[in-house]
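Fold and contact review
One-letter residues, chain by chain:
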Amino acid sequence: MSCVLKKPGALSTLLFSALLGVCWVFPDWWYSHSDTRQGRRWFLEKAVVPGWHYTKVPVAKSAEAILVADELVSGEFTNGNGELVRVFSAKRIREKKNEIGLFVHTPDRCWTETGWKLEQQAPDSVEVPIHSMRMILERRIFNRGSGDRELVLFGGLVGGQSLPYRLDHNLSVGMRHQLKAAADHSGATLRASDQRFWKRVWESFWSRRQLLGPKQFIRISTPLKRGEDIALSDALLRSFLPQWLEESDFSTGKNVSRQ
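Presented here is an overview of the structure given in this document.

Digging into the pattern of salt bridges
On inspection of all chains with the given rule, the structure shows 12 salt bridges. As a salt-bridge pair, Glu 113 and Arg 109 come within 3.6 Å of each other at their nearest N and O atoms. Taken together, the residues span about one helical turn, with Glu 113 and Arg 109 both in helix α3 (residues 107-113) at a distance of 4 residues. Between Glu 119 and Arg 149 there is a salt bridge, with its nearest N and O atoms 2.8 Å apart. Linking Glu 119 in strand β5 (residues 117-119) with Arg 149 in strand β8 (residues 149-158), this pair joins segments that are 30 residues apart in sequence. Via salt bridges that share partners, Glu 45, Glu 71 and Lys 91 belong to a single interconnected network.

In structure tokens:
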């Protein structure tokens, strides 16, 4: 009789173990697709751009701790015309499942939490060619309320390819944060209730593009001068991106143009 009673328990344990195994393996199996139309590339950041002077800008220790990046590039380029372009790149060569995502802390969240305010300006995303790759970049205008305004473009690569979805999961949260519409809620609560965030989760699931693995986050920005046509600043950033970034082979890291 005791043997009969033990069988259901053993079966339940076996089924439970099998379920845990499926849950553990499923993400690695499902999120494994790549875009066969694209190659695999890293972007190499150049410190020497003809006609521009580069100055390295240190990254705050708090930001380094959050990003957990293997490589960080942060600096400013200036030219003789008084133009200024700020650049930032973070790479994670290998990623562990328990590490926070490199794309979690976008300017929509981090900048608004440090006092910058988002302006509602269209378009809020642009497609920009960078050598052989076309990237969907988020486009934002931030201001400090003191007259300082900044045009910002940012985006990322996963597994050496551009993302098939946007990095706007923090946009609504940033707007609500600066309006103090939910002062009693944490940022995590706001994100959990945000439709834009869950839309990106679904797009990521549907595309089956990998979530974990080698990543690169890119941000470029320039101050907006009073009375100046924003289109000029847009053109400046678009033209500067391929000057600042070079394509490198995903597996070797060597410059593609020099192979």
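Section: the packing of aromatic side chains
Summed over the entire model, instances satisfying the criterion amount to 7 aromatic pairs. Both rings, one in Trp 52 and one in Phe 240, keep their centres 4.9 Å apart while their planes meet at 70°; by these two values the pair is edge-to-face. Taken together, the residues span a long stretch of sequence, with Trp 52 in strand β2 (residues 52-56) and Phe 240 in helix α7 (residues 230-244) at a distance of 188 residues. Residue classification places Phe 240 among the buried positions, given a relative accessible area of 0%. Ring centres of Trp 111 and Phe 142 lie 4.9 Å apart, and the angle between their planes is 45°; this geometry places the pair in the tilted category. Separated by 31 residues along the polypeptide, Trp 111 in helix α3 and Phe 142 in strand β7 (residues 133-143) bring together distant segments of the chain.

Parameters and conventions
- Residues numbered from 1 in each chain as written.
- Predicted model: local features only at pLDDT ≥ 70, side-chain atom pairs only at ≥ 80, totals over all residues.
- Heavy atoms only, no water.
- Salt bridge = Lys/Arg side-chain N within 4 Å of Asp/Glu carboxyl O.
- Helix = DSSP H or I, 4+ residues; strand = E, 2+ residues; numbered from the N terminus.
- Phe/Tyr/Trp six-rings, centres within 6.5 Å; stacked < 30°, edge-to-face > 60°.
- Buried < 20%, exposed > 50% of the residue type's maximum accessible area, 1.4 Å probe, protein only.

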